[in-house]
Amino acid sequence: MDSCNRDERQKISLILLGLGKSCAINWPSLSPVTLARCRHRPGSSEMAQKSSLAVPYAVPVLVVCFLACVATGVELSVNNHAADFTLSTSSGTPISLSCLVQNSSQAEELLWYRGDGKVDLKDGNKVNISNICISPAAATDNGVTFTCKLMRDQSVKVSVILDVLFPPNMTEDETVQAEEEKDVTLTCNAKSNPQGQAAWYKNNTILTLQQDRYQVYQTSEVFQLSIKKVQKSDNGTYTCEVKSSLGSGRKDFHLIVEDKKPVFPTEAVIAAVVVVALTVLFGIVARRDKIFKCFKRSSETAL
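Residues numbered from 1 in each chain as written. Predicted model: local features only at pLDDT ≥ 70, side-chain atom pairs only at ≥ 80, totals over all residues. Heavy atoms only, no water.

*Asks:* Help me understand the pairing of strand β16 (residues 247–258) in this model?
*Replies:* Where strand β9 (residues 174–179) meets β16, six bridges bridge the pair, whose relative direction is parallel. If you follow Thr 175 over to β16, its bridge partner there is His 254. One ladder, built from nine bridges, connects strand β15 (residues 236–244) with β16; its direction is antiparallel. Paired with Gly 236 across the bridge in β16 is Leu 255. (Pairing = 2+ DSSP bridges. Helix = DSSP H or I, 4+ residues; strand = E, 2+ residues; numbered from the N terminus.)

Okay, structure coming up:
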């Protein structure tokens, strides 16, 4: 009982190798009694000398190791997720996010961010556990990232990306006026998650897309119908209908094709004005002597 066994000596040696490895050792099992036994082990003088050097340094190393482990071992979890995750929900449903500090024996202050903006938290909702509520979740929250961070070390964090499901959201109806022979583009903005598919109607009948007259363009949120060189026969109500697995939406465009305005010959008029102006100028120059004599006689008569 007055000697140190081999396993205990190995534990002490590993602790003295460095902080990184010592944190992984079960060093709390080494009691002061154990260290004392190792120091005063009877036997060779060489072993006693090594033991006497190990003991003074063992306690500070253990303290530093303990502080390092406490500083780096803190973790966060949001709704029981220790890593970043995506949260799916429906529009109109409230969302609750709970951030919890783990592996810490001290009070830790927490921060919440919505995108890059800091969320204001009440004083009683900051330490060790913090909750925020999005009530209700809206289409504008789709794709937004909420992040919980440890205040003293903001590299410790967990992020949540919201996946808010909602049906197509359409804008109001429009009246479009266009002149004959002009091109017209009808633009339908429709946000939805999941993404919807569009169909075009004219006067409540599915529109047959003639390649030489109609062009369709669409992105995840924008649907366009272009009509080349509209005619009077194109008058009517065009409907953009967007459908997804969650529902559908419609928008009407009332197209009014106006008579083609006569083209005013601007260039010809300008040319005629220039010709008339030059003719008058040349006439004045050609008859300048007679004009001056007339002005002279008028002045002499006045005297």
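That shown, we press on.
*Asks:* Before we go on, may I ask you to explain the sheet that holds strand β3 (residues 95–102) in this structure?
*Replies:* Either a parallel or an antiparallel arrangement is found when strands of a sheet pair, and the pairing is made through backbone hydrogen bonds. What the three strands build is an open sheet, ordered β1-β3-β6; its pairing is antiparallel. The two strands at the open ends of the sheet, each matched to only one other strand, are β1 (75–78) and β6 (129–134). Direction aside, neighbouring strands of the sheet carry axes that sit 15° apart on average. Across four bridges, β1 lies against β3 in antiparallel orientation. Within β3, the position partnered with Ser 77 by the bridge is Leu 100. (Axes fitted to C-alpha atoms, helices over the stretch in contact; angles between N-to-C directions.)

*Asks:* Just to check I follow, could you spell out a nonpolar patch on the surface for this structure?
*Replies:* On the surface, Ile 270, Val 274, Leu 278, Leu 281, Phe 282 and Val 285 cluster together to form a nonpolar patch covering roughly 560 Å² of accessible area. Checked against the element boundaries, Val 274 lands in helix α5 (residues 266–286). (Patch = residues over 30% accessible without salt bridge, like charges linked within 9 Å, V, L, I, M, F, W, Y side chains within 5 Å. Areas by Shrake-Rupley, 256 points an atom, 1.4 Å probe, with all protein chains shown as cover. Salt bridge = Lys/Arg side-chain N within 4 Å of Asp/Glu carboxyl O.)

*Asks:* Explain the side chain of Ser 226 here, please?
*Replies:* Summarising the element assignment, Ser 226 is placed in strand β14 (residues 222–227). Residues contacting Ser 226, with those up to four places away along its chain left out, are Val 184, Thr 185, Arg 213, Tyr 214 and Gln 215. (Contact = heavy atoms within 4.5 Å.)

*Asks:* Looking at this structure, how should I read the environment of Glu 108?
*Replies:* Checked against the element boundaries, Glu 108 lands in the loop between β3 and β4 (110–114). Classification of Glu 108 as buried rests on a relative accessible area of 2%. Taking C-alpha positions, Glu 108 is 9.4 Å from Val 74, a pair spaced 34 residues apart along the chain. Of the polar contacts made by the side chain of Glu 108, one reaches the side chain of Ser 104; its length is 3.2 Å. Side chain to side chain, Glu 108 and Arg 152 meet in a polar contact 2.8 Å long. (Buried < 20%, exposed > 50% of the residue type's maximum accessible area, 1.4 Å probe, protein only. Polar contact = N/O pair within 3.5 Å; in protein donor to acceptor, adjacent residues only side chain to side chain.)

*Asks:* I'm lost on the pairing of strand β11 (residues 197–202) in this one. Help?
*Replies:* Here is the key point about a regular strand: its side chains alternate between the two faces of the sheet. In this structure, β11 lies alongside β15, joined through six bridges in antiparallel fashion. Considered in β15, the bridge of Gln 197 is made with Lys 243. Two elements, β11 and strand β12 (residues 205–206), share two bridges in a ladder whose sense is antiparallel. Following the sheet pairing, Tyr 201 is matched in β12 by Ile 206.

*Asks:* Just to check I follow, could you spell out the pattern of salt bridges for this structure?
*Replies:* A side chain with one charge may pair with a side chain of the opposite charge, provided their charged atoms come close. A full pass over the atoms with the stated rule returns seven salt bridges. Where Asp 259 meets Lys 232, a salt bridge forms, and the shortest distance between an N and an O atom there is 2.8 Å. Separated by 27 residues along the polypeptide, Asp 259 in the loop between β16 and α5 and Lys 232 in the loop between β14 and β15 bring together distant segments of the chain. Relative accessible area serves as the criterion here: at 53%, Asp 259 is assigned to the exposed category. Look at Lys 232 and you get partly exposed, because its relative accessible area is 38%. Notably, a salt bridge pairs Glu 241 with Arg 250, separated by 3.4 Å at the nearest N-O pair. Given a relative accessible area of 42%, Arg 250 falls into the partly exposed group.

*Asks:* Any chance you could explain the state of the cysteines here in plain terms?
*Replies:* Covalent bonding between the sulfur atoms of two cysteines defines a disulfide. Evaluation of the coordinates by the stated rule reveals one disulfide. Cys 99 shares a disulfide with Cys 148; S-S distance 2.0 Å. A torsion of -85° about the S-S bond marks the disulfide between Cys 99 and Cys 148 as left-handed. Here the residue Cys 99 occupies a position in strand β3, and Cys 148 occupies one in strand β7 (residues 145–150), the gap between them amounting to 49 residues. By relative accessible area, which is 0% here, Cys 148 ends up buried. (Disulfide = S-S within 2.5 Å.)

Function cannot be read off these values alone, since they describe shape.
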